[in-house]
Amino acid sequence: MHIHSLDYYSEPGRGVITLTRLCGWVIRKARVGRVLILEVCGNNTKPYVLALREDRDRDLFHIAEGLDIGSALCFEGDLAPLQRSKRGVEYSVSKIEVYAKPIEPLPVDISGKVPALLDTRIKYRWLLVRNPVEKALFKIRAGVLKAARKYLEDNGFIEVNTPKIVAAGAEGGATLFKLQYFEREAYLSQSPQLYKQMLISSFERVYEITPYFRAEKYNTTRHLNESWGIDVEQGFINSLEDVLETAENLVVYIVDYVRLNYKEELEILGVDLPKLSTPFKRLRFTEAVEILRSEGVEVSETEDLSDVAERKLGEVMAEKKHYLYFITGFPWSSAGFYYMREEDGVYTRKFDLDYRGLEIASGGQREHRYEKLVEAIREKGLNPENFEFYLEAFKYGLPPHGGFGMGVERLIMKMLNLENIREAILFVRDRTRLTP
RNA sequence: GCCGCCGUAGUAUAGCCCGGUUGAGUAUGCGGGCCUGUCGAGCCCGUGACCCGGGUUCAAAUCCCGGCGGCGGCGCCA
């Protein structure tokens, strides 16, 4: 809605302007003598400030006086010639339409004066995101996904959607949520892994932004039972290096996109997002083991690194200014059956991407040769019959390929220095939370 | 699942160790009053809480047992 403002024309030396209609919720209210000040936030992170004088704006003043924090309203106004507020953008208001008033005081403080504990924050997240700080975080999350899409689309990846109700998991049975699928047992997808590989039968490059469902009973600051992943798979690769390049360029693009397009949000959150550069350090798994042992950390040569080891490695790497780094060549004993095995039979082309001591992505070059794959499934103690639908795709010309899954919440957690992964998702699904 | 810590007004906290002086303090919110456009405004008045059950004791928010709930660590992984 654009209406010319009469007030505007009374200001000397100005051209044409439009009167804007803006909407949001009252997040702060202050009365000082004869002036009433309202701060309103909609999708904006910087509040709209409405200052009303009892003598001049009598009707509007009385409307505003009756509004509590939390009221939903729209107003028509024009940028105020005098910007006196230190917090927001001030408007001269000509009309206020009130749409809803809270029927009781809000259960949490959305002005940010009184902090809420994580548990309370999660319970009332949908309400707390009215607060500019909380909102900034989720605007950045949206930006991360937007940037990922943009990078992948620009680089020839096609977005696909694969089933979330599946008959078999990618890793075995232990971490799956079971459900009844008519007469049969089915599971919630813990990864689109197998499906995106199958699609490399017909697409050169695919990606999917998808939830992962994992029934792990862990309770840590970096795990969710429903999390989101940016899943990428590319065919016709020459080596693992092609996949690593995609992963590092994607991360750099995302971080850069947020750094340049979300300055206001980063500032509100107090985050200084440094510019990244490629290539990221490539560290062999065996080198990582050596480094950790020289630091006095006990590490197994055949198992994945423990969280303690990963964090320690993060510290060591940070000293050398490697904030993001790959760990490549994981041992076969700690890898999924679908990773390509090296000739020695001991190591694989599986990699992890770590961001300051936290695994944010993992992937690798896949085994694309039918016989080798069947052999690998058997060797992992799995039954090839359960993977028939998957194995079939390897019979008709599946090129060498590889890919990775990147944890959206983990990436955001590291970018924004969050202490708990639960901060990075609006509605939390963890060991104990099923609502809201 | 194991280990550790914790549970006080709507929210966030003090008090608990060492039971009585607590009619449970403070901030913020909410209601009311004052107030030169405040900037997490200020000042005054009011409002509102000891997770549940059992036990010890003359006396329990405080000590003990059980339950429920939360946080952190480990395992595991994105």
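Quick caveat: nothing in here was measured; it's all calculated off a predicted structure.

Engineer: If you had to explain the overall build of chain A to someone new, which residues and values would you point to?
Structural biologist: Scanning chain A from terminus to terminus reveals 13 helices and 16 strands. Projected onto the principal axes, the alpha-carbon positions of chain A cover approximately 85 × 55 × 40 Å. In chain A, which comprises 436 residues, the share counted as buried stands at 50%. The contacts in chain A between residues at least 6 apart in sequence include a share of 64% that link residues at least 24 apart.

Engineer: Go over helix α11 (residues 370–379) with me, naming the residues and quoting the values.
Structural biologist: Along an α-helix, a turn takes 3.6 residues, which lines up residues three or four apart on a common side. For α11, the full list of buried residues reads Leu-373, Val-374, Ala-376 and Ile-377. Down the axis of α11, the smallest arc covering the buried residues is 160°, so these residues share one side. Exposed side of α11, more than 90 degrees from the buried face: Glu-371 and Arg-378 are the residues found there. In this fold, the buried residues of α11 make contact with α12 (388–391). Trailing α11 by a residue or two, Gly-381 shows a phi angle of about 80°, which is positive.

Engineer: Tell me about the pattern of salt bridges, and name the residues and values.
Structural biologist: Close approach of charged atoms lets side chains of opposite charge pair. As enumerated under the stated definition, the model contains 33 salt bridges in all. The salt bridge partner of Arg-125 is Glu-134, with a shortest N-O separation of 3.4 Å. In terms of burial, Arg-125 and Glu-134 fall into one category: buried. The network of salt bridges with common partners includes Asp-119, Arg-422, Asp-430 and Arg-433.

Engineer: Tell me what's going on with the side chain of Asp-352, and back it up with residues and numbers.
Structural biologist: Residue placement: Asp-352 occurs in strand β14 (residues 350–355). Buried and unpaired, Asp-352 has Lys-350 as its nearest opposite-charge partner, separated by 4.4 Å. In contact with Asp-352, not counting residues within four places along its chain, are Asp-304, Glu-310, Tyr-325, Phe-326, Ile-327, Phe-330, Glu-359, Ala-361 and Ser-362.

Engineer: Describe the protein's contact with RNA strand B, naming the residues involved and giving the relevant values.
Structural biologist: Neighbouring residues of RNA strand B: 53 residues in total, closest Arg-28, Glu-90, Lys-113, Arg-410 and Arg-433. In the environment of RNA strand B, a sugar or linking oxygen lies 3.2 Å from a nitrogen or oxygen atom belonging to the side chain of Glu-216. One of the side-chain nitrogen or oxygen atoms of Thr-432 is found 3.4 Å away from a phosphate oxygen of RNA strand B. Going through the elements one at a time, β1 (20–32), β2 (35–41), β3 (48–53), α3 (118–123), α10 (307–319), β15 (358–365) and β16 (401–407) are the ones with two or more residues in the surface near RNA strand B. Residues belonging to the surface near RNA strand B are distributed by class as follows: 18 nonpolar, 15 polar and 20 charged.

Engineer: Give me the nonpolar core: which residues, what numbers.
Structural biologist: Counting 56 residues, the largest nonpolar core has Ile-230, Leu-353 and Met-415 as its most contacted members. Per element, the largest residue contribution to this core is 11 residues, and it comes from helix α7 (residues 240–261). Beyond its immediate sequence surroundings of up to four residues, Leu-353 is in contact with Val-251, Phe-280, Leu-324, Tyr-325, Phe-326, Leu-358, Glu-359, Ile-360, Ala-361 and Met-406.

Engineer: How would you summarise the packing of helix α5 (residues 132–154) against α7 if you had to cite specific residues and measurements?
Structural biologist: In contact at an axis separation of 9 Å, α5 and α7 are set at 135° when each is read in the N-to-C sense. Here α7 runs oblique to α5, going by the angle between their axes. The way α5 lies across α7 gives a crossing that is right-handed. Along the contact surface, α5 presents Ile-140, Gly-143, Val-144, Lys-146, Ala-147, Ala-148, Lys-150, Tyr-151 and Leu-152, while α7 presents Thr-246, Asn-249, Leu-250, Tyr-253, Ile-254, Tyr-257 and Val-258. The residue inventory of the contact of α5 with α7, partitioned by class, reads 11 nonpolar, three polar and two charged.

Engineer: Requested: an account of the side chain of Ser-191, with residues and values cited.
Structural biologist: Tracing the sequence through the fold places Ser-191 in the loop between β9 (184–188) and α6 (193–199). Residue classification places Ser-191 among the buried residues on the basis of a relative accessible area of 14%. Residues in contact with Ser-191, not counting those within four places in the same chain, are Tyr-212 and Arg-214.

Engineer: Kindly report on unusual backbone geometry, identifying the contributing residues and their values.
Structural biologist: Residue Thr-278 is joined to Pro-279 through a cis peptide bond whose omega torsion reads -5°. Tracing the backbone shows Pro-279 in the loop between α8 (263–269) and β12 (281–284). Residue Pro-436 follows Thr-435 across a cis peptide bond; omega there is -10°. Here Pro-436 shows up in the segment after α13 (408–415). Here Asn-417, not a glycine, exhibits a phi torsion of approximately 55°, which is positive. With respect to the secondary-structure elements, Asn-417 resides in the segment after α13.

What counts as what
- Residues numbered from 1 in each chain as written.
- Chains lettered and ligands numbered in written order.
- Predicted model: local features only at pLDDT ≥ 70, side-chain atom pairs only at ≥ 80, totals over all residues.
- Heavy atoms only, no water.
- Helix = DSSP H or I, 4+ residues; strand = E, 2+ residues; numbered from the N terminus.
- Buried < 20%, exposed > 50% of the residue type's maximum accessible area, 1.4 Å probe, protein only.
- Contact = heavy atoms within 4.5 Å.
- Arc of directions from axis to C-beta.
- Salt bridge = Lys/Arg side-chain N within 4 Å of Asp/Glu carboxyl O.
- Lys, Arg positive; Asp, Glu negative; His and termini not counted.
- Near = heavy atom within 4 Å.
- Polar contact = N/O pair within 3.5 Å; in protein donor to acceptor, adjacent residues only side chain to side chain.
- Nonpolar A, V, L, I, M, F, W, Y, C, P; charged D, E, K, R; others polar.
- Core = buried A, V, L, I, M, F, W, Y, C linked by side-chain atoms within 4.5 Å.
- Axes fitted to C-alpha atoms, helices over the stretch in contact; angles between N-to-C directions.
- Parallel < 35°, antiparallel > 145°, perpendicular 65-115°, else oblique.
- Left-handed = near helix turned anticlockwise from the far one by under 90°.

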